Amino acid sequence: MRKRIVAGNWKMNTLPGEGVALAREIVGGKGTVCDCVSFIVCPPFTHLSEVAHALKGSGIALGAQNCAAEEQGAYTGEVSAAMLAALGCEYVILGHSERRQYYGETSATLRAKMERAYAHGLTPIYCVGENLAEREAGKHFDVVKRQIEEVVYGLTDEQFAKLVIAYEPVWAIGTGKTATADQAQEIHACIRKVLAAKFGAAADGTAILYGGSCKPGNAAELFAKEDVDGGLIGGAALKAEDFLAIGRNGFGK
Ligand code: PGA
């Protein structure tokens, strides 16, 4: 049985007080969602510590949205994987399309970040996905395959066993335009095949999340697909009730 995950990517939203209030509301409502769902929240760096405190004992895991590719030292403005682990993070989102697009993150950077994350016991949530032009040109399978081969194929079997993947078509992020459940299933199945080509049967156990305008109204249809194991949620993760409803509608009470 694969893990069912609903992860919230808060991006650059909420001030510390607002983040703590949001986390408390999620903790308060968690009982309305099936225990089978693993919830993860990924606030901005600035309030990881306070949110960690608010989540204590709730079973909801903490994640960061990025980490440095370097271990430590003279890297002004960067935050290391060791720092994140020390604050109680269990997960780190890596390779989000906004990081690739706006901050020039390449496969080489992401390989390095991934190593740092694993070295400090963090589980990467590795994001892949094509942009609109690539989708329209029918290149989406190739793009995602390359993003996986260049970064994930370098992992050891032991590292791979923990990895979480998020498929996020760039054209669906924050646009209100969701991939159809069939489109998601088609590419999730392809991702699992690409993973299996390197890691064999272990790929059957990999949680592959869908992200991109996922909301309470479409979670059930998306998560019902065989290879869709949950969601990475942006906008709808900023409202506790919507975030919880995604888990509830997708996986039950
Ligand atoms: P969205 O973002 O749910 O707001 O589309 C998803 C993401 O970027 O992780």
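Residues numbered from 1 in each chain as written. Predicted model: local features only at pLDDT ≥ 70, side-chain atom pairs only at ≥ 80, totals over all residues. Heavy atoms only, no water.

**Q** What is the right way to look at the packing of helix 1 (residues 16-29) against helix 2 (residues 48-55) in this model?
**A** A pair of packed helices is characterised by two quantities: the angle between their axes and the separation of those axes. Following both chains from N to C, one finds helix 1 and helix 2 inclined at 25 degrees, their axes separated by 9 Å at the closest point. Classified by the angle between their axes, helix 1 and helix 2 sit roughly parallel to one another. When you trace helix 1 past helix 2, the crossing you get is right-handed. Judged by residue contacts, P16, G19, V20, A23, R24 and V27 of helix 1 engage E50, V51, A54 and L55 from helix 2. Its residues placed into classes, the contact of helix 1 with helix 2 shows 7 nonpolar, 1 polar and 2 charged. (Axes fitted to C-alpha atoms, helices over the stretch in contact; angles between N-to-C directions. Helix = DSSP H or I, 4+ residues; strand = E, 2+ residues; numbered from the N terminus. Parallel < 35°, antiparallel > 145°, perpendicular 65-115°, else oblique. Left-handed = near helix turned anticlockwise from the far one by under 90°. Contact = heavy atoms within 4.5 Å. Nonpolar A, V, L, I, M, F, W, Y, C, P; charged D, E, K, R; others polar.)

**Q** Would you take a moment to explain the packing of aromatic side chains for this structure?
**A** Remark: the centre distance and the inter-plane angle together describe each pair of aromatic rings, the angle taken between the planes. Scanning all chains against the criterion turns up 6 aromatic pairs. With centroids separated by 6.4 Å and ring planes inclined at 85 degrees, the aromatic side chains of Y153 and F199 adopt a geometry described as edge-to-face. Note that Y153 is positioned in the loop between helix 7 (140-151) and helix 8 (157-160) and F199 in helix 9 (residues 181-199), a separation of 46 residues in sequence. Residue classification places F199 among the buried positions, given a relative accessible area of 10%. Centre to centre, the rings of Y167 and Y210 are 6.4 Å apart; their planes meet at 50 degrees, and the pair counts as tilted. Of this pair, Y167 sits in strand 6 (residues 164-167) while Y210 sits in strand 7 (residues 207-211), and the two are 43 residues apart along the sequence. Of the two residues, Y167 and Y210, both sit in the buried class. Taken together, Y153, F160 and F199 form an aromatic cluster joined through their ring pairs. Sitting above the plane of the Y103 ring, R99 keeps its charged end 4.2 Å from the centroid. (Phe/Tyr/Trp six-rings, centres within 6.5 Å; stacked < 30°, edge-to-face > 60°. Buried < 20%, exposed > 50% of the residue type's maximum accessible area, 1.4 Å probe, protein only. Lys NZ or Arg CZ within 6 Å of the ring centre and 35° of its normal.)

**Q** How do you make sense of the environment of K253 when you look at a structure like this?
**A** Relative to the helices and strands, K253 resides in the segment after helix 11 (240-251). Residue classification places K253 among the exposed residues on the basis of a relative accessible area of 78%. Between the alpha carbons of K253 and L87 there is a distance of 31 Å; along the sequence they are 166 residues apart. What K253 contacts, discounting residues up to four positions off in sequence, is T32, V33, C34 and R248.

**Q** Looking at this structure, I do not really get the side chain of Q185. What am I missing?
**A** Position of Q185 among the secondary structure elements: in helix 9. For Q185, a relative accessible area of 16% gives the class buried. Excluding its chain neighbours within four sequence positions, the residues that come into contact with Q185 are K225, E226, D227 and V228.

**Q** Looking at this model, I keep getting lost on the state of the cysteines. Mind explaining?
**A** Each disulfide is one covalent bond, formed between the sulfur atoms of two cysteines. Inspection of the entire model under this criterion finds 1 disulfide. Disulfide pairing places C34 opposite C36 at an S-S distance of 2.3 Å. The exposure class assigned to C34 is buried, which follows from its relative accessible area of 17%. With relative accessibility at 28%, the residue C36 sits in the partly exposed group. Between C42, a cysteine without a disulfide, and C89, which holds the nearest cysteine sulfur, the sulfur-to-sulfur distance is 7.9 Å. Residue C42 is classed as buried on the basis of its relative accessible area, which comes to 0%. (Disulfide = S-S within 2.5 Å.)

**Q** What exactly am I supposed to notice about the pairing of strand 1 (residues 4-9) here?
**A** Regular strands show a simple pattern: their side chains alternate between the two faces of the sheet. Where burial is concerned, most of strand 1 is hidden: 5 out of the 6 residues are buried. The pairing of strand 1 with strand 2 (residues 37-42) spans 6 bridges and is classified as parallel. For I5, the partnering residue across the bridge sits in strand 2 and is S38. Where the polypeptide runs from strand 1 across helix 1 and back to strand 2, its parallel neighbour, the crossover connection is right-handed. Looking at chain direction, strand 1 and strand 8 (residues 230-233) are connected through 4 bridges and run parallel. Its bridge partner lying in strand 8, A7 is registered against L232. (Pairing = 2+ DSSP bridges. Right-handed = clockwise from strand over helix to strand, strands pointing away.)

All quantities given are derived from atomic positions and should not be read as evidence of function.
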